[in-house]
Amino acid sequence: MKIERVDEKTVKCFLSNEELEEYDISYKDFVMRSDKAREVVEEIMAQAVEEVDYKPPRFAFDLQIMVLPDQGMILTFTEKTPEDIKNGANLIGYLREMRRILKEKLGLDGSTIAGLLAQAMVTAAQGTSGEDSPEQKQGDGSPEEPQAEPERPRFAIFRFASMRSLCAYASVLPRNLRVDSRLYRNGDTYYLYLERGGASYERYSRASIQALEFGELYSAAEDKLAYLEEHGECLIGQKALARLRL
């Protein structure tokens, strides 16, 4: 196990094929967050503290996995700040829980659930929460300054464990959906870049929510896209979803 500290928030670990066999662990264990994977991650963190004076994340971390054929695997841990968690994981976690309730408790069909979740996503992006409108008066009688509308996410990157699940996702989308899409591969994992393009925000949100049925959200940050463009392989540079549709 070789540990390398990249910066204050990031550390890399190389595990050889021999070490992976010794741990009896594979790429799938890390993707599925199995108990074995958690134990190995804890060991890596402990070794990083001892060898490179790394401070374990206080809140959470992103884990990127790069498979090196015939060599092993590189795990990259990057600390997530409370703001990162607030802006990304909390919303996705809320949407996933909402989806579970709609499906298990209310028994709604998939298209109805996708529509409700898309509406929730649009509402969150618009920042509508039933508050007083900007045109209403303040206590002193002067008009309140209009509040800037929160910036809506321009794109999202979704991670898929297999080409089969990615094609299954593409096949359920409307053929006239005018989103921009690109496909990348990094190791054995596929990454779909999904940008709103000419689609309405509601239709784009619906497509994003449906992606969670087949894969998981990887990121919606520019630096993650740059990392993927540098270290991943671009398999389809444009209209990826149309070409993947079965």
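Since this is a predicted model, take the numbers as computed values, not measurements.

## Considering the sheet that holds strand E6 (residues 180–186)
Moving on, step 1. On the basis of which strands lie adjacent, the open sheet formed by five strands has the order E8-E5-E7-E6-E9 and antiparallel pairing. One side of each edge strand has no neighbouring strand; the edge strands of this open sheet are strand E8 (216–219) and strand E9 (233–236). Adjacent strand axes in the sheet meet at a mean angle of 35° when their direction is disregarded.
Moving on, step 2. The pairing of E6 with strand E7 (residues 189–195) spans seven bridges and is antiparallel. In the sheet register, Ser 181 faces E7, and the bridge partner there is Leu 194.

## Describing the nonpolar core
Moving on, step 1. Grouped together as the largest cluster of nonpolar side chains are 25 residues, with contacts concentrated most on Tyr 169, Leu 194 and Leu 241.
Moving on, step 2. Put simply, the parts of the chain that give this core at least two residues each are strand E5 (155–160), helix H6 (163–172), E7, helix H7 (201–211) and helix H9 (240–244).
Moving on, step 3. At five residues, the largest contribution of residues to this core is made by H7.
Moving on, step 4. Not counting residues up to four positions away in its chain, the partners in contact with Leu 194 are Phe 155, Ala 156, Phe 158, Tyr 169, Val 179, Asp 180, Ser 181, Tyr 204, Ala 207, Ser 208 and Leu 241.

## So, the side chain of Gln 64
Moving on, step 1. Within the secondary structure layout, Gln 64 lies in strand E3 (residues 60–68).
Moving on, step 2. A relative accessible area of 9% places Gln 64 in the buried class.
Moving on, step 3. A distance of 2.8 Å separates the side chain of Gln 64 from the side chain of Tyr 218, its partner in a polar contact.
Moving on, step 4. Not counting residues within four places of it along the chain, the set of residues in contact with Gln 64 comprises Ile 74, Leu 75, Thr 76, Tyr 218, Lys 224 and Tyr 227.

## Quick notes on the pattern of salt bridges
Moving on, step 1. Counted according to the given criterion, the structure contains five salt bridges.
Moving on, step 2. Two residues, Asp 24 and Lys 36, come together in a salt bridge whose shortest N-O distance is 3.7 Å. Separated by twelve residues along the polypeptide, Asp 24 in the loop between helix H1 (17–23) and helix H2 (27–32) and Lys 36 in helix H3 (residues 35–52) bring together distant segments of the chain.
Moving on, step 3. The class for Lys 36 is partly exposed, based on a relative accessible area of 32%.
Moving on, step 4. A salt bridge links Arg 159 to Glu 216; its shortest N-O distance comes to 2.9 Å. You can see Arg 159 sitting in strand E5 and its partner Glu 216 sitting in strand E8, a full 57 residues away along the chain. Both residues of the pair, Arg 159 and Glu 216, count as buried.

Criteria and thresholds
Residues numbered from 1 in each chain as written. Predicted model: local features only at pLDDT ≥ 70, side-chain atom pairs only at ≥ 80, totals over all residues. Heavy atoms only, no water. Pairing = 2+ DSSP bridges. Helix = DSSP H or I, 4+ residues; strand = E, 2+ residues; numbered from the N terminus. Axes fitted to C-alpha atoms, helices over the stretch in contact; angles between N-to-C directions. Core = buried A, V, L, I, M, F, W, Y, C linked by side-chain atoms within 4.5 Å. Buried < 20%, exposed > 50% of the residue type's maximum accessible area, 1.4 Å probe, protein only. Contact = heavy atoms within 4.5 Å. Polar contact = N/O pair within 3.5 Å; in protein donor to acceptor, adjacent residues only side chain to side chain. Salt bridge = Lys/Arg side-chain N within 4 Å of Asp/Glu carboxyl O.

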